[in-house]
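# Chains, contacts and geometry: an overview
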Amino acid sequence: MNNADPVISVSNLTFRHKADAEPSLVDVNLTLPRGSRTILIGANGAGKSTLLQILAGKRLVSTLGAHVFVKGRDVFRDSPPGVTFLGTEWAMNPVVRGDIVVSAFLDSVGGYRYKERRDRLLDILDIDLDWHMHTISDGERRRVQLCFGLMVDWDVLLLDEVTVDLDVLVRDDLLKFLKADSETRGATVLYATHIFDGLKDFPTHIAHMHLGHLLAPPSAWPITPASPLASQFAPSTSLYGVALHWLKEDRERRRQLEDSGRKTRGARRDETMPSDSGTFYRKYDYSH
């Protein structure tokens, strides 16, 4: 693979979780250069997790004409090495909630082979090797997941909101580590998150998804007068400000769709409630 080639290349990607379901992704086209760090912005249900899972080869795409390549290789037919996916579901796995000591767990997945990098991550993530996995908090379990996932050098890192359980200090130290890792080794990060504090200097690009559509392809960050984003935002706009603006627009787009017949969210103002207790309890009696 030539260093000038995009490390992630997606074209004509439409995806449905079921054949008769609404598409979760619609004609997504995406390219990311080597060494980039892209923040993927979008509301819950925008399709961010689905896109990351597809790039990791965890979901098979059968749409005719769709191409999903990472490091120049088809993720389904010729899985590329050096791709790490870290999502929130790991910490809920019963296996990692068992009575196993952290040191033994890391050794069981080959941590001793990567001792220098593992030890650096143990310090950054402030992990106690004597913790028992079944007694620690979700945030501490998340730290172990990150150490486990990052102790092997990665070329492409796909992060799906895995910093949500971390305290501010550990998250900041981790982001600094990932940024330095990316800059030193030319590694690529695609990071879906709803937490924008402390991210000002992290991304090289930002992108915007809404209801399965990639509304704003990866654009260079920070904003410059020559940026495609300059027509919408001042160069001084914060990442939080950009995200808030996009999400407000997304909500208005969705409400317009609801006015046109899409299923609505929120309170049902026209719903009548039973006025007497007997009718109410019969309505919600699930014992029959």
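Throughout what follows, the structure given in this document is the object of discussion. Here the structure is a predicted model, which means the values were calculated and not measured. Sequence order sets the numbering: in each chain, residues are counted from 1 along the sequence as written. Two thresholds apply to this predicted model, a pLDDT of at least 70 for residue-level local features and 80 or more for giving and counting side-chain atom pairs, whereas whole-chain, interface and lining totals are computed over all residues. To obtain the side-chain values, all non-hydrogen atoms of the structure were included, while hydrogens and water were left out.

## A look at helix H5 (residues 168-185)
Taking 1.5 Å per residue, 18 residues should reach 26 Å; H5 reaches 26 Å between its end C-alpha atoms and fits that length. Here's how the labels work: a residue is buried when its accessible area is under 20% of the maximum for its type, exposed when over 50%, partly exposed in between, all with a 1.4 Å probe on protein chains only. Starting at the N terminus, helices and strands are each numbered in turn, a helix being any DSSP run of H or I of at least four residues and a strand any DSSP run of E of at least two. By the burial criterion, the buried members of H5 are Val170, Arg171, Leu174, Leu175, Phe177, Leu178, Asp181 and Ser182. With its buried residues spanning 160° around the axis, H5 presents them on a single face. Relative to its buried face, H5 has exposed residues pointing more than 90 degrees away, namely Val168, Leu169, Lys176, Glu183 and Thr184. Throughout, a contact is declared for two residues whenever any of their heavy atoms are within 4.5 Å. Tucked into the core, H5 has its buried residues touching strand E3 (37-41), helix H3 (115-124), helix H4 (138-150), strand E7 (156-160) and strand E8 (188-192). Each helix should span, by expectation, one fewer than its residue count multiplied by 1.5 Å. Directions pointing from the helix axis toward each C-beta atom define the arc.

## A short note on the sheet that holds strand E2 (residues 25-32)
Should DSSP find at least two bridges between two strands, the strands are taken to pair. Taken in spatial order, the 4 strands line up as E2-E1-E4-E5 in an open sheet, and their pairing is antiparallel. Every other strand in the sheet has two partners, leaving E2 and strand E5 (73-74) as the edge strands with one partner each. Both strand E1 (residues 8-15) and E2 contribute to a ladder of 5 bridges, which runs antiparallel. By the bridge assignment for E2, Ile8 is matched with Leu32. In the packing of helix H1 (residues 48-55) onto the sheet, the strands contacted are E1, E2 and strand E4 (67-70), and the crossing angle to E1 comes to about 120°. Interaxial angles span 0 to 180 degrees and are taken between N-to-C directions of axes, which are lines fitted to C-alpha atoms, for helices over the stretch in contact.

## Focus: the pattern of salt bridges
Here a salt bridge means any side-chain nitrogen of Lys or Arg lying within 4 Å of a carboxyl oxygen belonging to Asp or Glu. A full pass over the atoms with the stated rule returns 19 salt bridges. Measuring nitrogen to oxygen at the nearest pair gives 3.1 Å for the salt bridge that ties Asp181 to Arg185. A residue pair is termed a helical-turn pair when its members lie 3 or 4 positions apart in one helix, as Asp181 and Arg185 do in helix H5 at 4 residues. For Asp181, a relative accessible area of 6% gives the class buried.

## Looking at the packing of H3 against H5
When two helices pack together, you describe them by how their axes are tilted relative to each other and by the distance separating the axes. The interhelical angle for the contact between H3 and H5, taken along N-to-C directions, is 150°, at an axis separation of 9 Å. Only Val170, Asp173, Leu174, Phe177, Asp181 and Arg185 of H5 make contact with H3, whose side of the interface consists of Arg117, Arg120, Leu121 and Ile124. Gly is put with the polar residues, along with every residue not named as nonpolar or charged; the nonpolar set is Ala, Val, Leu, Ile, Met, Phe, Trp, Tyr, Cys and Pro, and the charged set is Asp, Glu, Lys and Arg. Here the contact of H3 with H5 is built from residues that sort into 5 nonpolar, no polar and 5 charged.

## Considering unusual backbone geometry
Following Trp221, the chain continues to Pro222 via a peptide bond in cis, the omega torsion being 5°. Relative to the helices and strands, Pro222 resides in the loop between strand E10 (213-220) and helix H6 (239-259). A positive phi is found at Asp27, a non-glycine position, where the angle reads about 45°. Even without being a glycine, Asp126 presents a positive backbone phi close to 55°. Looking at the element boundaries, Asp126 is found in the loop between H3 and H4.

## What to know about the pairing of strand E9 (residues 205-210)
Judged by how many residues are buried, E9 sits mostly within the fold: 6 of 6 residues are covered. The alternating pattern of E9 places His205, Ala207 and Met209 and Ile206, His208 and His210 on opposite faces, both of which are buried. Here E3 pairs with E9 via 4 bridges, running parallel. The residue of E9 that forms the bridge with Ile41 is His208. Note that E9 and E10 share 5 bridges and pair antiparallel.

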